[in-house]
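So you can see what is in the structure, the chains are spelled out below.
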Amino acid sequence: MCYLRSCIVKAGGTGRATQMGKTGEETGADGSMVSIADYYAGKNVLITGATGFMGKVLVEKLLRSCPEVQTLYLLVRPKAGQSMHERVSDMMKCKLFDRVREDNPDFHQKIVPISSELTQPALAISPEDVERLTSCVNIIFHCAATIRFDEPLKHALQLNVMATQQLLNLAQQMHHLQAFIHISTAYANCNRRHIDEIIYPPPVEPKKLIDSLEWMEDSIVRDITPRLIGDRPNTYTYTKALAECVVQRESSKLSIGIIRPSIVGASWQEPFPGWIDNFNGPSGVFIAAGKGILRTMRANNDAVADLIPVDVVINLTLAAGWYTAVHRPKAALVYNCTTGGINPFHWGEIEHHVMSSFKRNPLEQAFRRPNANITSNYLMNQYWILVSHKFPALIYDLYLRLSGQKPQMMRIFNRLHKAIGLLEYFSSQDWEWNSENMNMLMSHLSPEDRKTFNFDVRQLNWPEYIENYCIGTKKYVLNEDMSDIPAAKQHLRKLRNIRYTFNTLLLVFIWRVFIARSQMARNIWYFVVSLCFKFLSYFRASSTLTN
Ligand SMILES: CCCCC/C=C\C/C=C\CCCCCCCC(=O)SCCNC(=O)CCNC(=O)[C@H](O)C(C)(C)COP(=O)(O)OP(=O)(O)OC[C@H]1O[C@@H](n2cnc3c(N)ncnc32)[C@H](O)[C@@H]1OP(=O)(O)O
Ligand SMILES: NC(=O)C1=CN([C@@H]2O[C@H](COP(=O)(O)OP(=O)(O)OC[C@H]3O[C@@H](n4cnc5c(N)ncnc54)[C@H](OP(=O)(O)O)[C@@H]3O)[C@@H](O)[C@H]2O)C=CC1
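Residues numbered from 1 in each chain as written. Chains lettered and ligands numbered in written order. Predicted model: local features only at pLDDT ≥ 70, side-chain atom pairs only at ≥ 80, totals over all residues. Heavy atoms only, no water.

Quick note on the threshold: UniProt positions are given in the numbering used here, feature names are shortened, and annotations may be inferred rather than shown by experiment.
For the protein chain, an unreviewed UniProt entry supplies the name Fatty acyl-CoA reductase and the organism Oncorhynchus tshawytscha. For the record of the protein chain, the UniProt heading Subcellular location (unreviewed entry) holds the text "Peroxisome membrane".

Next up, the structure:
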């Protein structure tokens, strides 16, 4: 088998003119530090979560910018009636891989899917696959996780903590492992305002929690979850904090790097601007606003919107993998991967740019003209939910019922309210992250690597990024065609006319009701009308005189 052969030939080596330095540093033949691409040349890389948003971008970037990488082993499970092979083959057909495909049409030969269900004992990897992996893997990127905010605690614990522990156990059996890179989140410690690049004491001893939840009924776990997560907003951030602690405990045995991205958004530059494939985080909010469904949301205009483009996170991740393997730091290094402290942008500015971008590049079949506003005032938000969400939904559902269709708008709004209710915690306050390790890493890169693996967010132009992000949601999440923009604009004009007509009719109706009931209203009405006539006749007289 070609992978087995490649494992034997390349295990532990780089396949290039590199050698291990005295301190474990990999150096070129001339003694200089190897570049990132040279480091990955000939390496066998294990990736979890490769079918996810960030995993895909990681696989793509490795194949494109480190073309001599040996093999990428992807731990994948079958899902939704598709085998793991079908899933990986579908993934490689996606537009994200167009540039790699152009450079190397045979790139799929470097990808080896390994069947694995991370919530199962020993990750459900077959003994043969364990043998294969332990004999040749050089570096691990652990991206898999459940990122749902409403995940039941037991499942979040199983996947985010226990699977991480099992992967670390597997890593320790690997004969040629040089680095273990764990993807965490900048919000793992969101119960703090200032977050350093350290691992904070866990909210609870992970093993004790795992042992005690094991025998508990799901309903009991559900009842005690709020008490357990304490001042964290959800099971996701709670279990990611526990996972960091589990990872740190292995740092005497493995060389470890922990990446903490904030809110990961569409790509900034690579492989092309605006690539995004899901509704997570702000993407779903942008789409709902672009479709004219979302009109109001609780967020603080002046709070920093700590968005970070996915390609920046992946470039930093690959650079951290290189640094960890080459320098073998004694303790796990944490990289807060954020923008707020370096190039801040605020939710109020995001709102403005998202709205104007969707006006220039409207989404198809919008429900209403895009016009969303954010407010930090709870009552104001509730008022707008009633007036701009629930009332129009009621009217539209009534229209659907009358025309013999199934009402659906109220159901959509209920789901939207659940989703934004879970996100508001993150958009209503701001945090301060220390990003010294990100700067330190940048200073270690050669000028060439700084360009190829760019994670310098000082260069990020936010308005341009948000424009590409919104276009990305249209093209890659909703699969809409840019050539349909004139029709979408026409649809918005139609919606505007409907709104004007509706507002005028409503005004006339209210006024008629009012006039019929009040002498004072009638007097005001006659006064206003006579004033208008006087103004008109004055205007006509003065224009006749001038001519
Ligand atoms: C224009 C004004 C803009 C101003 C911007 C203001 C604020 C920005 C908003 C948010 C910023 C905060 C982001 C915080 C991120 C924190 C950083 C992290 O650590 S990242 C991890 C991020 N994780 C998530 O984002 C996951 C959140 N999602 C969930 O937990 C769940 O999906 C859910 C929201 C609870 C919904 O669960 P449910 O079971 O009801 O549904 P499904 O997940 O099965 O999805 C059903 C359906 O809906 C689509 N979907 C999912 N999420 C959204 C969404 N946010 N908006 C719209 N639609 C969404 C999903 O794709 C499914 O579609 P389909 O049925 O077609 O497959
Ligand atoms: N997205 C974001 O904004 C942020 C993400 N992060 C972190 O980045 C990492 C990647 O996130 P992202 O790519 O957005 O997440 P996705 O939800 O897009 O991807 C999750 C990945 O994990 C895999 N996975 C989930 N459950 C299992 C399982 N039981 N067995 C095997 N594989 C499984 C999924 O596989 P499958 O396709 O089979 O479901 C998928 O490949 C996570 O660790 C997350 O915590 C951190 C900060 C922000």
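## A closer look at the nonpolar core
To keep things clear, this is the line we draw: Residue types Ala, Val, Leu, Ile, Met, Phe, Trp, Tyr and Cys, when buried and joined through side-chain atoms within 4.5 Å, form a set referred to as a nonpolar core. Exposure categories follow from relative accessible area, calculated using a 1.4 Å probe and restricted to protein chains: below 20% of the type maximum is buried, above 50% is exposed, and the middle band is partly exposed. We count a stretch as a helix when DSSP gives it H or I for four or more residues in a row; a strand needs E for two or more, and each element gets its number in order from the N terminus. In this analysis, two residues are considered to be in contact whenever any of their non-hydrogen atoms come within 4.5 Å of each other.
Counting residues in each nonpolar core, the largest one holds 109 residues, and the members touching the most others are Tyr-40, Val-59, Leu-74 and Trp-322. Take this core: its biggest share by element is 12 residues, from helix H12 (residues 310-327). If we ignore the near neighbours within four places in the chain, the residues touching Leu-74 are Ile-47, Ala-50, Val-59, Val-88, Met-91, Ile-111, Val-112, Pro-113 and Ile-114. Of all hydrophobic cores here, the second largest spans 41 residues; its members include Cys-136, Leu-167, Ile-229 and Ile-258.

## Observations concerning the environment of Val-88
Relative to the assigned elements, Val-88 resides in helix H4 (residues 84-93). For Val-88, a relative accessible area of 3% translates into the label buried. Residues Val-88 and Ala-50, 38 residues apart in the sequence, show an inter-C-alpha distance of 8.8 Å. Apart from residues no more than four positions distant in its own chain, Val-88 is found in contact with Leu-74, Val-76, Ile-111 and Pro-113.

## What about the domain arrangement of the protein chain?
For the record, the criterion: An automatic or database domain assignment provides the domain bounds reported here.
Entries for the protein chain in the domain assignment read domain 1 (2-12 + 19-254) and domain 2 (486-546). Between domain 1 and domain 2, the C-alpha centre-to-centre distance is 64 Å.

## Structural notes on a nonpolar patch on the surface
This is how it is decided: In this scheme, patches are assembled from residues that exceed 30% relative accessible area and form no salt bridge. Like charges are connected within 9 Å, while nonpolar side chains (Val, Leu, Ile, Met, Phe, Trp, Tyr) are connected within 5 Å. Working definition of accessibility: Shrake-Rupley area with a 1.4 Å probe, residue cover restricted to the visible protein chains. Salt bridge criterion: a side-chain nitrogen from Lys or Arg within 4 Å of a carboxyl oxygen from Asp or Glu.
Judged by side-chain polarity, Phe-391, Leu-394, Ile-395, Phe-502, Leu-506, Phe-509, Ile-510 and Val-513 come together as a nonpolar surface patch covering roughly 760 Å² of accessible area. Going through the elements one at a time, helix H14 (378-402) and helix H19 (485-517) are the ones with two or more residues in the nonpolar patch. The element that contributes the greatest number of residues to the nonpolar patch is H19, accounting for 5 residues. Judged by its relative accessible area of 38%, Ile-395 is partly exposed.

## A few points about the site of ligand 2
Selection criterion: It suffices for a single heavy atom of a residue to lie within 4 Å of a molecule or strand for the residue to be listed as near it. Here a polar contact is taken to be a pair of N or O atoms separated by no more than 3.5 Å, where protein atoms must pair a possible hydrogen donor with a possible acceptor and residues adjacent in sequence count only if both atoms sit in side chains.
Around ligand 2 sit 26 residues in total, of which Thr-51, Arg-77, Arg-87, Glu-117 and Tyr-236 are the nearest. For ligand 2, a nitrogen atom lies 3.0 Å from a polar atom in the backbone of Leu-118. Within the contact set of ligand 2, an oxygen atom lies 2.9 Å away from a backbone nitrogen or oxygen of Cys-143. When isolated, ligand 2 has an accessible area of 900 Å², and the protein chains bury 89% of it. Of all the secondary-structure elements, those providing two or more residues to the shell around ligand 2 are helix H3 (53-65) and helix H10 (235-248).

## Concerning the side chain of Ser-435
Mapped onto the fold, Ser-435 is located in the loop between strand E15 (432-433) and helix H16 (436-444). The class for Ser-435 is buried, based on a relative accessible area of 10%. Residue contacts for Ser-435: discarding those within four places in its chain leaves Glu-197, Asn-336 and Ile-342.

## A closer look at the site of ligand 1
For clarity, the cut-off: When residue character is reported, Ala, Val, Leu, Ile, Met, Phe, Trp, Tyr, Cys and Pro are called nonpolar, Asp, Glu, Lys and Arg charged, and the others, Gly included, polar.
Arg-148, Phe-149, Phe-279, Gly-281 and Arg-415 are the nearest of the 27 residues found near ligand 1. Measuring from a nitrogen atom of ligand 1, one finds a backbone N or O atom of Ile-147 at 3.0 Å. A distance of 3.2 Å separates an oxygen atom of ligand 1 from a polar side-chain atom of Thr-185. Those elements that provide at least two residues to the shell around ligand 1 are helix H11 (282-290), helix H13 (347-360) and helix H15 (409-427). Among the residues forming the shell around ligand 1, the class breakdown is 17 nonpolar, 6 polar and 4 charged.

## What about the sheet that holds strand E7 (residues 179-183)?
Just so we agree on the cut-off: Following DSSP output, two strands are said to pair if at least two bridges run between them. Lines are fitted to the C-alpha atoms to define the axes, a helix being fitted only along its stretch in contact, and any angle between axes, read from their N-to-C directions, falls within 0 to 180 degrees.
Strand order in the open sheet formed by 7 strands is E5-E4-E3-E6-E7-E9-E13, and the pairing between neighbours is parallel. Each edge of the open sheet carries a strand with a single partner, namely strand E5 (111-115) and strand E13 (333-337). Each strand axis lies, on average, 20° off the axis of its neighbour in the sheet, ignoring direction. For strand E3 (residues 44-48) and strand E6 (residues 139-142), the ladder comprises 4 bridges, and the chain directions are parallel. Paired with Thr-48 across the two strands is His-142, which belongs to E6. Here H10 sits on the sheet and contacts E7 and strand E9 (256-261); the angle it forms with E9, its principal contact strand, is near 165°.

## Focus: the UniProt feature "domain: Thioester reductase (TE)" (unreviewed entry) in the protein chain
In the UniProt entry, the feature "domain: Thioester reductase (TE)" (unreviewed entry) is given for residues 47-316. In residues 47-316, helix accounts for 41% and strand for 14%; the two terminal C-alpha atoms are 16 Å from one another.

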